[in-house]
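Summary of structural features
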Amino acid sequence: MLTRAELKNELTEAGIRPSVQRLAIYEYVKNSRMHPTAETVYEALREDLGSLSLTTVYSTLKLFVDAGLVLMLHVDENFLRYDGDTSVHAHFKCNRCGAVIDLPVSGDYNSWLGGAGALEITDAQLYLKGVCGDCRN
């Protein structure tokens, strides 16, 4: 888990003014492994941040995605989810409980190309769907 000071520094280095709301949203997404929706972030923070609106959460998450600080996931047909882990990895979504789980992958995007050196991958999202171990038991 990153400290508030480290998170604030990441926002500043990305050219984003770390307001109280932005820092709280960033901290929630970066320190969460549940791949929250904007609605989940809003519900988790609205009591502590009385002036927070769902529109603010959406616009702030877009700001973070555009800056490369957070990933926007399209793993769910109904909701966008957000991931604070921007390293190269895949996602598995359980069809029963809806959990989204990080899966490690080897190499980086461009190493997947093999001999197709004329291509340069700038973004990739790999989603697998099925039933998680908890639901199978």
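Residues numbered from 1 in each chain as written. Predicted model: local features only at pLDDT ≥ 70, side-chain atom pairs only at ≥ 80, totals over all residues. Heavy atoms only, no water.

So, about the pairing of strand β3 (residues 89-94). Burial runs high along β3: 6 of the 6 residues are buried. Across the two faces of β3 the burial is the same, with His89, His91 and Lys93 and Ala90, Phe92 and Cys94 all buried. Pairing geometry for β3 and strand β4 (residues 100-104), over 5 bridges, is antiparallel. Looking at β4, one finds that Ala90 is bridged to Leu103. Taking the residues between adjacent antiparallel strands as the criterion, β3 and β4 are bridged by 5 residues, where Gly98 takes a positive phi near 85°. As defined by bridge partners, β3 adjoins strand β5 (residues 127-130) across 4 bridges and the pair is classed as parallel. Bridge pairing in β5 links His91 to Tyr127. (Buried < 20%, exposed > 50% of the residue type's maximum accessible area, 1.4 Å probe, protein only. Helix = DSSP H or I, 4+ residues; strand = E, 2+ residues; numbered from the N terminus. Pairing = 2+ DSSP bridges.)

This brings us to the environment of Ser32. Within the fold, Ser32 resides in the loop between α2 (20-30) and α3 (38-45). For the pair formed by Ser32 and Asn78, sequence separation is 46 residues and the distance between their alpha carbons is 20 Å. At 3.1 Å, the side chain of Ser32 and the backbone nitrogen of Met34 are in polar contact. (Polar contact = N/O pair within 3.5 Å; in protein donor to acceptor, adjacent residues only side chain to side chain.)

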